[in-house]
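The primary structure of each chain is shown beneath.
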Amino acid sequence: EDKVVQSPLSLVVHEGDTVTLNCSYEVTNFRSLLWYKQEKKAPTFLFMLTSSGIEKKSGRLSSILDKKELFSILNITATQTGDSAIYLCAVGSAATGTASKLTFGTGTRLQVTL
Amino acid sequence: DAGVTQSPTHLIKTRGQHVTLRCSPISGHKSVSWYQQVLGQGPQFIFQYYEKEERGRGNFPDRFSARQFPNYSSELNVNALLLGDSALYLCASSLVRRSGTEAFFGQGTRLTVV
């Protein structure tokens, strides 16, 4: 059974801190790893990673994938209160010969305080 | 350009009833997937539809069914509702059915079964 594990489960930091969120996975027929930010309802797409060792950056957020060790990290520098959210890691896999699906972790709840 | 739209946003149903949830994907996206997210967990894959055909199904009972229309919108139907079906139902659209492409989520439908 496909499995995605995120750590830590929750985190409280002060504004300005740097945080690292972890995601490890065991899936059959790996295709991609995606990071989402979920504040109230809709998960908002952050990154998709398909190749090992290539960092993706968007402003203060960055992410990298290690396909040999089967994990990814999401870094957030100079955190702001608006970064408070649940961060979801999902792995895309070919569920059958013609289908595809995302398997999600339980998420990391990040709270940024003043 | 409109994102993924879902309706209704909230719904309260009684045990034993059935429910229909609707999703319109991003214009040009032909793949629609449905996910169930219960409180404190990551979303769980229910179905994927591509070009109006079911391409994948998660570990959900036959009470769950779906379809995709010629305009690529989709409906998720749940019969004989149970209390445990209370959850946020998310629809994701993507350009192609392979997991190597970004999936974008709608705001979700919050279903409460009483």
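Please refer to the structure higher up on the page.
Below: a short report on this structure. (Residues numbered from 1 in each chain as written. Chains lettered and ligands numbered in written order. Predicted model: local features only at pLDDT ≥ 70, side-chain atom pairs only at ≥ 80, totals over all residues. Heavy atoms only, no water.)

Residues and elements named next belong to chain B. Within the element layout of this structure, G58 appears in the loop between β6 (53-57) and β7 (64-68). When the C-alpha positions of G58 and L82 are compared, they lie 18 Å apart, and in sequence the two are 24 residues distant. Once residues within four sequence positions are removed from consideration, G58 is found in contact with F45 and I46. (Helix = DSSP H or I, 4+ residues; strand = E, 2+ residues; numbered from the N terminus. Contact = heavy atoms within 4.5 Å.)

Moving on: the state of the cysteines. All chains considered together, the criterion is met by two disulfides over all chains. One disulfide bridge connects C23(A) with C89(A), the sulfur atoms lying 1.9 Å from each other. Looking down the S-S bond of the C23(A) and C89(A) bridge, the torsion is -65°, so its handedness is left-handed. Here the residue C23(A) occupies a position in strand β3 (residues 19-26), and C89(A) occupies one in strand β9 (residues 85-93), the gap between them amounting to 66 residues. C23(A) gets classed as buried once you look at its relative accessible area, which sits at 1%. The partner cysteine of C23(B) in its disulfide is C91(B), sulfur to sulfur 1.8 Å. In this structure, the disulfide formed by C23(B) and C91(B) twists by about -60° around the S-S bond and is classed as left-handed. Linking C23(B) in strand β3 (residues 19-24) with C91(B) in strand β9 (residues 87-94), this pair joins segments that are 68 residues apart in sequence. C91(B) matches C23(B) in its accessibility class, with the two residues each being buried. (Disulfide = S-S within 2.5 Å. Buried < 20%, exposed > 50% of the residue type's maximum accessible area, 1.4 Å probe, protein only.)

We now examine unusual backbone geometry. In this structure, P8(A) follows S7(A) across a cis peptide bond, with omega equal to -10°. Residue placement: P8(A) occurs in the loop between β1 (3-7) and β2 (10-14). Backbone geometry at E51(B) places phi at a positive 50°, although glycine is not the residue there. With respect to the element layout, E51(B) can be found in the loop between β5 (44-50) and β6.

With that settled, consider the sheet that holds strand β8 (residues 71-76) of chain A. Residue and element names in this part refer to chain A. The antiparallel open sheet is built from five strands, whose spatial order is β1-β3-β8-β7-β6. Each edge of the open sheet is held by one strand with a lone partner, namely β1 and β6 (56-58). Each neighbouring strand pair of the sheet contributes to a mean axis angle of 15°, computed without reference to strand direction. (Pairing = 2+ DSSP bridges. Axes fitted to C-alpha atoms, helices over the stretch in contact; angles between N-to-C directions.)

Moving on: the nonpolar core. Residues W34(B), I46(B), L76(B) and Y89(B) are the most contacted members of the largest nonpolar core, which totals 22 residues. Secondary structure elements with two or more residues in this core: β3, β4 (31-37), β5, β7, β8 (74-78), β9 and β11 (109-113) of chain B. (Core = buried A, V, L, I, M, F, W, Y, C linked by side-chain atoms within 4.5 Å.)

It is worth spelling out the pairing of β3(A) at this point. All names here are of chain A. The side-chain alternation of β3 yields one buried face, formed by V19, L21, C23 and Y25, and one unburied face, formed by T20, N22, S24 and E26. When β1 meets β3, the two strands line up antiparallel, connected through five bridges. Among the inter-strand pairings, S7 is bridged to a residue of β3, identified as N22.

Attention now moves to the interface of chain A and chain B. Across the boundary between the two partners, chain A contributes 23 residues, which contact 27 residues of chain B. Interface area for chain A against chain B, summed over the two sides, is near 2000 Å², with a carbon-plus-sulfur share of 55%. The interface formed by chain A and chain B contains zero salt bridges. If you look at where chain A meets chain B, you find four residue pairs in polar contact (both at pLDDT 80 or more). Looking at the side of chain A that touches chain B residue by residue, the class counts come to eleven nonpolar, nine polar and three charged. (Buried area = accessible area lost by both parts, 1.4 Å probe. Salt bridge = Lys/Arg side-chain N within 4 Å of Asp/Glu carboxyl O. Polar contact = N/O pair within 3.5 Å; in protein donor to acceptor, adjacent residues only side chain to side chain. Nonpolar A, V, L, I, M, F, W, Y, C, P; charged D, E, K, R; others polar.)

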